Amino acid sequence: MGCQGDSSSKPGRRLPEPLPELLEPARPDRPKARLVGVDVYGVGTEDAAGARVVLVFEGAPLFHQEHLPAQGILPARIAIQLEDAEWGELVPVSQSVERGGLKRVRLATPNPRVVLDLQPGATGRIFYLTDPYRIVVDVSAASRSRKKGRPLVVLDPGHGGGEPGAANDELGLVESQVALDLAELTANRLRAIMPRSRVMLTRSGDVDLSLEERCALANAMEADAFVSIHLNASSEPVRKGGVTTFVLDTTNDRQALRLAARENGTRVAEVTGIQGLLAKHHRRTQAKGSLTLAAKIQRHTLKRGRLVLPKLSDRGVRSAMFYVLVGARMPAVLLEASFLTYEPEARALTNRNYRRALANGIASGIASYLLAR
Ligand SMILES: [Zn+2]
């Protein structure tokens, strides 16, 4: 009898291949993430109550954050330490801001770091969004005794510029245009029925505006309500359209997940760990106001819309992870006012009467919320 050797040398039996992910960290050619933009939003006015800094990446770096107290001549800082990352040539090394609690944003070494120098008393909160990967830092200026003046509403017409949103080609309807028209009609109506209120639009023309910038404006202006206005669409034929008002939260509902992915510009409708945390934070701070605002907008929009389209469906108040609502420091909702892909509603939207009815409803809902606070 010859030696049989160990079992692994038997023909037909091979050691399993190593799992590819175990090799990952040591792979020398692993592409580095690249910081391609540092955008500062919300600091258009001298008395901005906050600022939002958005770091935009190609690839997804690991990062950790440090909140450092003032020390000698150095102000309090938030440092974001990036791992396996580099910065692009076009990213400014230092941007002076001096508004909204933020003195300056600068790049630093060793290792790529982004440092936010804060004004005295300011605080910051960090989260990230995906597709493309961005790290968002919301800075709040030191709390001031807030003058209880006229309530401010920020209306956000969805999409715009290179992002037209949904469309109905047959009837020539584009979501970004219809949403802007609805927002303008709503603003006029709200000013008429509630002359004490102030109304701002996040955009007034067909311009590009990031999702982060929209909410940053509302935060910086210390708005009392933020309403993002959209039109729904479905790739499948819909038997009924309808009105839905969303608040920020996680959801397992497939339709809501698909809709949120489309509105967020992301490929997948997954709910990640960070999204759960963001939703939890929002539930803790803004949920009650957002739900009340949503219920009133939903009810009034339906009521007015039904004057023109009696069968307009009530899809209810729902929740989903809409990026545009993340970080809002006031009650914030996203309205899907009708379906561009449901024939009766799309036809009605070509008509001024229906748009005006919806806008009157949105304005009544907001006014009713503001008056009941
Ligand atoms: Zn939309």
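It should be noted that the structure appears before, not after, this text.
Participant: How would you sum up the nonpolar core? Please name residues and give values.
Facilitator: Counting 107 residues, the largest nonpolar core has Ala225, Phe226, Val227, Phe322, Val333 and Ile366 as the members making the most contacts within it. The element contributing the most residues to this core is helix 7 (residues 352-372), with 10 residues. Built from parts of two domains, this core gets at least three residues from each of domain 1 (33-140) and domain 2 (152-372). Those residues in contact with Val227 that sit more than four places away from it in its chain are Val153, Leu155, Asp156, Ile297, Val333, Leu335, Ile362 and Ile366.

Participant: Now, about the pairing of strand 15 (residues 225-232): what can you tell me, with residues and values included?
Facilitator: Summarising burial for strand 15: eight of the eight residues are buried, a large majority. Residues Ala225, Val227, Ile229 and Leu231 line one face of strand 15 and the alternating positions Phe226, Ser228, His230 and Asn232 line the opposite face, and both faces are buried. Bridge count for strand 11 (residues 152-157) against strand 15 is five bridges, and the pairing is parallel. Bridging across to strand 15, Leu155 finds its partner in Val227. In the sheet, strand 15 pairs with strand 18 (residues 332-339) via six bridges, with the strands oriented parallel. By the bridge assignment, Val227 is partnered in strand 18 with Val333.

Participant: Any details on the environment of Phe322? Residues and values, ideally.
Facilitator: Note that Phe322 resides in the loop between strand 17 (314-320) and strand 18. Along the sequence, Phe322 and Gln275 sit 47 residues apart, while their C-alpha atoms lie 9.8 Å from each other. Beyond its immediate stretch of four places on either side in the chain, Phe322 contacts Phe246, Leu248, Ala260, Glu263, Asn264 and Leu334.

Cut-offs and rules
In every chain, residue numbers begin from 1 and rise along the written sequence. Reporting in this predicted model follows two pLDDT cut-offs: at least 70 for local features of residues, and 80 or more for side-chain atom pairs to be given and counted; totals over whole chains, interfaces and linings ignore these cut-offs and use all residues. For our purposes the nonpolar core covers buried Ala, Val, Leu, Ile, Met, Phe, Trp, Tyr and Cys residues that link as a set through C-beta atoms within 7 Å. The burial label depends on the number of other C-beta atoms within 10 Å of a residue's C-beta. Counts of 20 or more mean buried, 12 or fewer mean exposed, and intermediate counts mean partly exposed, with C-beta atoms placed from the backbone. To qualify as a helix, a DSSP run of H or I must reach at least 4 residues; to qualify as a strand, a run of E must reach at least 2; elements of each kind are numbered from the N terminus. Where each domain begins and ends follows an automated or database-derived domain assignment. Note on contacts: residues are paired as contacts if their backbone-placed C-beta atoms lie within 7 Å. At least two DSSP bridges between two strands are required for those strands to pair.

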